[in-house]
Amino acid sequence: MSTETSEKNTARGLFSGHIGFILAVAGSAVGLGNIWRFPYLTAKYGGGIFLLVYLILMLTFGFALIAAETALGRKTRLSPIGAFRAFSGFRHNKFLMTGGFINAVVPMIILPYYCLIGGWIIKFLFEYLCGNSAAMAESSFFGGFISSACEPIIWHLIFLGFTAFIILRGVEGGVEKASRIMMPILLILAVFVSIYSMTRPGAGAGIAYYLVPDFSKFSIMTVVAACGQLFFSLSIGMGILITYGSYMRKNVDIEAATGRIELVDTFVALLAGFMIIPAVFVFSGGSAEALNAGAGLMFITLPKVFESMGWGGFIGFAFFLMVFFAALTSNVSIMETCVSTLSDELHLSRRTATMIMFGEAIVLGVPCSLGFGPLDFISLGGMSILDMMDFLAGSMLCPFAALLTCLLIGRVIGVDVVANEIKQSSPFKREGVFRACIRTFGPIILLIVSVSSMAAALGFIKI
Ligand code: PFF
């Protein structure tokens, strides 16, 4: 049977082609992970050294795992749980089967706090619209907002409501069209703001901190955090790529598509770093406390940058509007994965599955929000409830899921089978890297990362 005929016979919908796949994955990949999470982790984990580790991991594991997950999806035409079950089930390997389960659970942990940060973005948009840019540039503004008991929860519900509405109405129309227009504008605006930020007096120290690796700041936690960021940002170990791969045509070049996705995702993250890290030095002298601001870094620093621009109210509004769209497209992909897993596995209707996820995002999102106010006494190694959920998903479960993916491909399915799937549509120039990462380096490093993150969570290593 020719590829075309067999593709016509698949019951699954298929992406229209190369561009369709890249846009769908890039829409999911580029989001708060790049603009909010990457700069604060880079600032916290030593600047240039974190960047260096991140880039190395991205070109090796990032590449191998995106290609592997996509090829696994295309080969099996199944969702993550089904794909893992299909192969590990026939060897009765329960340990490997948990890989599919973890892939499915990670987006369910991310959804509640992603909605919370999305809510913060809408709050900032609203304040810019009301002309409050000067008040927002005060250092105490953000802290005062997130520590209040009710307000952040209301914004969280609004962001969640937008997402659920889109999931129920279908994705293709409005959001996708809007984000195709918004994403290029976001990039132009980000280039503009980063140039402004880098040319302020005193920014040089920040640029050096961001770009020059200081090896004395290296620790195993640098690798754990960079690995977690890689998975979060590229949506690896979360079932999304397996699912999207299952909708991909056989003639789409997986290797080229992977390269483009890595490029776009890293470019946006690097730009966000250039906007935020030099500004931390300009406005707060780069003190350890300022660099460790964590989840709030973007919300504390950017309003100061915008305000110092003179007509910052307008730029601030435009910027947060673009970030809102980037966050919304990613959040739709997170919720969509959860909904399709629930409806496939529990045979629920789309509407019921959406309502269940809506409830889950509230039940787990509320404590996350209160963790900055009434529940701020709950903390682990200095982490808030939001940080803990983020650490659990990004730094503990994703690397473990990726480890199981490497074992599934390397030991059960066979690297050749997956490599051949990729070769159907490309010469596979990076095959050597792919094989080494999936068979040898991947399992070793991912095991070290999984054990270290566990040790850090138990308090044996400083986070
Ligand atoms: N990769 C997205 C970002 O960088 O914001 C976040 C994300 C998307 C996480 C999809 C999880 C996911 F399943």
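Structure's up top.
Numbering of residues starts from 1 in every chain and runs along the sequence as written. Totals for whole chains, interfaces and linings use every residue, but because this is a predicted model, local features are given only for residues with pLDDT of at least 70 and side-chain atom pairs only at 80 or more, for both listing and counting. The side-chain numbers reported here are obtained from all heavy atoms of the structure, hydrogens and water having been left aside.

**Details of unusual backbone geometry**
For histidine 347, which is not a glycine, the phi torsion comes out positive at approximately 55 degrees. Summarising the element assignment, histidine 347 is placed in the loop between helix H17 (312-346) and helix H18 (350-370). Each residue gets one of three labels from its accessible area relative to the maximum for its type: buried under 20%, exposed over 50%, partly exposed in between, using a 1.4 Å probe on protein chains only. Under the relative-accessibility criterion, histidine 347 is labelled exposed at 70%. A positive phi angle, near 55 degrees, is found at phenylalanine 428, a position not held by glycine. The exposure class of phenylalanine 428 is buried, given its relative accessible area of 3%. The way it works is that DSSP assigns letters per residue, a run of H or I at least four long becomes a helix, a run of E at least two long becomes a strand, and they are numbered from the N terminus.

**Regarding the packing of aromatic side chains**
When two rings of Phe, Tyr or Trp (its six-membered ring) have centres within 6.5 Å they constitute a pair, described as stacked for plane angles under 30 degrees, edge-to-face for angles over 60, and tilted for the intermediate range. Here the structure, examined in full by the defined rule, presents 26 aromatic pairs. Residues tryptophan 120 and phenylalanine 142 carry aromatic rings whose centres are separated by 5.2 Å and whose planes lie at 80 degrees to one another, so their mutual orientation is edge-to-face. With a gap of 22 residues between them, tryptophan 120 in helix H6 (residues 94-129) and phenylalanine 142 in helix H8 (residues 139-146) connect regions that are remote in the sequence. Look at phenylalanine 306 and phenylalanine 319: their rings are 5.5 Å apart centre to centre, the planes differ by 50 degrees, and that puts the pair in the tilted class. One end of the pair, phenylalanine 306, is in helix H16 (residues 297-308); the other, phenylalanine 319, is in helix H17, and 13 residues separate them in sequence. On the basis of relative accessible area, phenylalanine 319 is assigned to the buried category, the value being 1%. Following the ring pairs from residue to residue traces out a cluster consisting of Trp120, Phe124, Tyr128, Phe141, Phe142, Phe299, Phe306, Phe319, Phe320 and Phe372. A ring has a charge above it when a Lys NZ or an Arg CZ is no more than 6 Å from the ring centre and no more than 35 degrees off the ring normal. Sitting over the ring of tyrosine 196, arginine 200 keeps its end group 3.9 Å from the ring centre. Here arginine 430 stacks its cationic end above the ring of phenylalanine 63, 3.9 Å away from the centre of that ring.

**Observations regarding the state of the cysteines**
Here a disulfide denotes a covalent bond joining the sulfur atom of one cysteine to the sulfur atom of another. Throughout, a disulfide means two cysteine sulfur atoms within 2.5 Å of one another. Enumeration over the complete set of coordinates arrives at zero disulfides. There is no disulfide at cysteine 368, and the cysteine sulfur nearest it, in cysteine 115, is 10 Å away. Since its relative accessible area comes to 0%, cysteine 368 is described here as buried. Looking at the unpaired cysteine 406, the closest cysteine sulfur is the one in cysteine 437, lying at 7.9 Å. Overall, cysteine 406 belongs to the buried group, its relative accessible area being 2%.

**Concerning the nonpolar core**
Here, nonpolar core refers to any group of buried Ala, Val, Leu, Ile, Met, Phe, Trp, Tyr and Cys residues whose side-chain atoms link them within 4.5 Å. Formed by 163 residues in total, the largest nonpolar core has its most connected members in Trp120, Met298, Phe299, Phe319, Phe320 and Phe434. In terms of residue count, H6 provides more of this core than any other element does, 18 residues in total. Aside from chain neighbours lying at most four places away, what touches methionine 298 is Ile35, Trp36, Ile121, Ile276, Pro303, Phe320 and Val323. Whether two residues touch is decided by their heavy atoms; if any such pair falls within 4.5 Å, the residues are in contact.

**Description of the pattern of salt bridges**
Whenever a carboxyl oxygen of Asp or Glu lies within 4 Å of a side-chain nitrogen of Lys or Arg, that contact is scored as a salt bridge. Considering all chains together, one arrives at twelve salt bridges under this definition. In this structure, arginine 37 and aspartate 390 form a salt bridge, with 3.0 Å as the shortest nitrogen-oxygen distance. Taken together, the residues span a long stretch of sequence, with arginine 37 in helix H3 (residues 32-44) and aspartate 390 in helix H19 (residues 385-413) at a distance of 353 residues. Classification of arginine 37 by relative accessible area gives buried; the value is 2%. The exposure class assigned to aspartate 390 is buried, which follows from its relative accessible area of 4%. In this structure, the salt-bridge partner of glutamate 421 is arginine 74, at a minimum N-O distance of 2.7 Å. Pair noted here: glutamate 421 is in helix H20 (residues 415-423) and arginine 74 is in helix H4 (residues 48-76), with a separation of 347 residues, a long-range link. Residue class for arginine 74 comes out buried when judged on its relative accessible area of 0%. It is possible to trace a salt-bridge network through shared partners that takes in Asp416, Lys423, Glu431 and Arg435.

**Points about the side chain of threonine 42**
Counting through the fold element by element, threonine 42 comes out in helix H3. We classify threonine 42 as buried; its relative accessible area is 0%.

**Here's the deal with a nonpolar patch on the surface**
Exposure above 30% relative accessible area and no salt bridge define the residues that can form patches, which grow by joining like charges within 9 Å and nonpolar side chains of Val, Leu, Ile, Met, Phe, Trp and Tyr within 5 Å. Accessible areas in this description were obtained via Shrake-Rupley with a 1.4 Å probe; residue shielding takes into account the shown protein chains only. Residues Leu52, Ile56 and Phe215 make up a contiguous nonpolar surface patch of roughly 310 Å² in combined accessible area. Examined against the element boundaries, phenylalanine 215 turns out to sit in the loop between helix H11 (203-211) and helix H12 (220-234).

**What about the site of the ligand?**
Lining the immediate surroundings of the ligand are 15 residues, of which Ala29, Gly33, Tyr114, Phe232 and Met238 lie closest. Glycine 33 is positioned such that a nitrogen or oxygen atom in its backbone is 2.8 Å from an oxygen atom of the ligand. Counted as a polar contact is a pair of N or O atoms within 3.5 Å, where, for protein atoms, one must be capable of donating a hydrogen and the other of accepting one, and residues adjacent in sequence contribute only when both atoms are in side chains. The backbone of serine 233 places a nitrogen or oxygen atom 3.1 Å from a nitrogen atom of the ligand. Coverage of the ligand by the protein chains reaches 100% of its 340 Å² of free accessible surface. Counting residues per element, the ones that place at least two in the shell around the ligand are helix H2 (18-29), H3, H6, H12 and H17. It is H3 that contributes the most residues to the shell around the ligand, three residues altogether. When we say a residue is near a molecule or strand, we mean one of its heavy atoms is within 4 Å of it.

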